[in-house]
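Residue-level structural notes
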Amino acid sequence: MLNIENVFGQTDLNTSKRELNKEQNINTPQQEYTAPKSAYRTGKDLENEITSSIAGNLFVYLIKGMVGNYNTEDHLHNRVSKYPYRSAIDGNYTRADSNAHKGFRMDIEDHFLYGNKDLHGNHLKAKFRPFEYFYFQTEMFQLFQYDYTLDKYDNLLLYNLDFCYDRLRYERFNLGFTLGANYIANDVKKGGFAFGFNTEIFVTKPISLYASVKWSGINANPVNTFELQGKYHIKNFYISAGYQHMRIASPSYRFVAVGLGIYL
């Protein structure tokens, strides 16, 4: 039988793929002893009902907190701007009564990632904003690392697809969360659920600061990303520079990132 250890080389990317391919051993828990039913179960059932009710109410309040109250929070009605800094105070959102909003906007950006002389990559991201209420985001990370053992470059391809909701939609500041999934191609061909947060602060024209963090897992191994960048806006274009960190299984990857973006 072919040993999976021999399929991969010796780079960190190969280590990530090898670990993601390994199924984790899950011990079957021993069956717990169940006490005979008796009168005391009545009090226990009541306690369980109260606990379930409290948990249910907390869940409802949590959902309301994540969505917000459209009757009392005016910022939730702010519209998607045509592009940041079209006016002096507009960021990703503009006032609901402004004529600077756009019915549909697509944001596209691409970053070159540099880790060291043997490790580099590319990060392509697109956001589809049909209106102000939510948007969709898709990402593709392609990482390359030179394998001196095999005398060639190894690569890893990671895809993300997310539903995104900005809980705070102020003109100079937005903060939200993402729910979605990721998928690693190559020799892994596995995916997992992903959850994260992102924010952008429009400090002063033409500068903004963007940050995002996302957690996911495949075969009980982490697939996490963190991104921090500064943007310099020029009409509906921008240039950016920043830092990106990824953890894929046990290896971690750190990159300097430079890129370009456009608002369509």
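So, here's what we can say about the structure. Since we're looking at a predicted model, the values are computed, not measured. (Residues numbered from 1 in each chain as written. Predicted model: local features only at pLDDT ≥ 70, side-chain atom pairs only at ≥ 80, totals over all residues. Heavy atoms only, no water.)

The next point concerns the overall build of the protein. Per the secondary structure count, the protein includes 2 helices and 12 strands. The helix and strand sequence of the protein, counted from the amino end, reads α-α-β-β-β-β-β-β-β-β-β-β-β-β. By the burial criterion, 41% of the 264 residues in the protein qualify as buried. Contacts spanning at least 24 positions in sequence make up 50% of the contacts within the protein whose residues lie at least 6 apart. Carbon and sulfur atoms form 60% of the exposed surface of the protein, whose accessible area is close to 14,800 Å². (Helix = DSSP H or I, 4+ residues; strand = E, 2+ residues; numbered from the N terminus. Buried < 20%, exposed > 50% of the residue type's maximum accessible area, 1.4 Å probe, protein only. Contact = heavy atoms within 4.5 Å. Areas by Shrake-Rupley, 256 points an atom, 1.4 Å probe, with all protein chains shown as cover.)

Here helix H1 (residues 12-21) lies mainly inside the structure; 8 of its 10 residues are buried. Regarding H1, the residues found buried are Leu13, Asn14, Thr15, Ser16, Lys17, Arg18, Leu20 and Asn21.

The final tally for this structure, using the stated rule, is 13 salt bridges. For Arg167, the salt bridge identified is with Glu73, shortest N-O distance 2.9 Å. Of this pair, Arg167 sits in strand S6 (residues 152-169) while Glu73 is found in the loop between helix H2 (41-67) and strand S1 (79-80), placing the two residues 94 residues apart along the sequence. The salt bridge partner of Asp107 is Arg129, with a shortest N-O separation of 3.1 Å. On the criterion of sequence distance, the pair formed by Asp107 in strand S3 (residues 105-116) and Arg129 in strand S4 (residues 119-129) is long-range, its members being 22 residues apart. (Salt bridge = Lys/Arg side-chain N within 4 Å of Asp/Glu carboxyl O.)

With respect to the helices and strands, His111 occurs in strand S3. Look at His111 and you get buried, because its relative accessible area is 1%. A polar side-chain atom of His111 sits 3.5 Å from a polar atom in the side chain of Gln229. A polar contact is formed between the side chain of His111 and the side chain of Ser240, at a distance of 2.9 Å. Those residues in contact with His111 that lie beyond four places of it in its chain are Gly121, Asn122, His123, Glu227, Gln229, Ser240, Gln244, Ala257, Val258 and Gly259. (Polar contact = N/O pair within 3.5 Å; in protein donor to acceptor, adjacent residues only side chain to side chain.)

Let's shift gears to unusual backbone geometry. The step from Lys205 to Pro206 runs through a cis peptide bond, and the omega angle for that step is 10°. Residue placement: Pro206 occurs in the loop between strand S8 (190-204) and strand S9 (207-218). A positive phi angle, near 55°, is found at Lys189, a position not held by glycine. Within the secondary structure, Lys189 is located in the loop between strand S7 (173-184) and S8.

Here strand S12 (residues 252-263) shows a buried face lined by Tyr253, Phe255, Ala257, Gly259, Gly261 and Tyr263 and an unburied face lined by Ser252, Arg254, Val256, Val258, Leu260 and Ile262. Pairing between S3 and S12: 8 bridges, direction antiparallel. Within S12, the residue paired with Asp107 across the bridge is Tyr263. With 11 bridges joining them, strand S11 (residues 237-248) and S12 adopt antiparallel strand pairing. Bridged to Gln244 within S12 is Phe255. From the end of S11 to the start of S12, which pair antiparallel, there are 3 residues, and Ala249 there has a positive phi angle of about 65°. (Pairing = 2+ DSSP bridges.)

Right, let's talk about the nonpolar core for a bit. One finds Leu20, Ile184, Met246 and Ile248 to be the most contacted residues of the largest nonpolar core, which totals 18 residues. Every element with two or more residues in this core is listed here: H1, strand S5 (135-147), S6, S11 and S12. The element best represented in this core is S12, accounting for 3 residues. The contact partners of Leu20, leaving out residues within four places of it in the chain, are Ile184, Val188, Lys190, Ile218, Asn219, Asn221, Val223, Ile248 and Ala249. (Core = buried A, V, L, I, M, F, W, Y, C linked by side-chain atoms within 4.5 Å.)

Bridge count for S9 against strand S10 (residues 221-234) is 10 bridges, and the pairing is antiparallel. Each bridged residue has a counterpart across the sheet, and for Ser212 the counterpart in S10 is Glu227. The antiparallel pairing of S9 with S10 creates a hairpin that spans 2 residues between the two strands, and Asn219 there sits at a positive phi of about 50°. The sheet contact formed by S10 and S11 spans 12 bridges and is antiparallel. Across the sheet, the residue bridging to Gly230 is Ala241, located in S11.

Let's shift gears to the packing of aromatic side chains. Inspection of the entire model under this criterion finds 14 aromatic pairs. Arranged with centres 6.1 Å apart and planes meeting at 65°, the rings of Phe136 and Phe163 form a pair that is edge-to-face. On the criterion of sequence distance, the pair formed by Phe136 in strand S5 and Phe163 in strand S6 is long-range, its members being 27 residues apart. Overall, the relative accessible area of 38% leaves Phe136 in the partly exposed class. Put simply, the rings of Tyr70, Phe131, Tyr133, Phe134, Phe136 and Phe163 pair up and form one aromatic cluster. Just above the ring of Tyr135 sits the side chain of Arg129; from NZ or CZ to the centre is 4.3 Å. The lysine or arginine in question, Lys231, covers the ring of Tyr210, its NZ or CZ lying 5.0 Å from the ring centre. (Phe/Tyr/Trp six-rings, centres within 6.5 Å; stacked < 30°, edge-to-face > 60°. Lys NZ or Arg CZ within 6 Å of the ring centre and 35° of its normal.)

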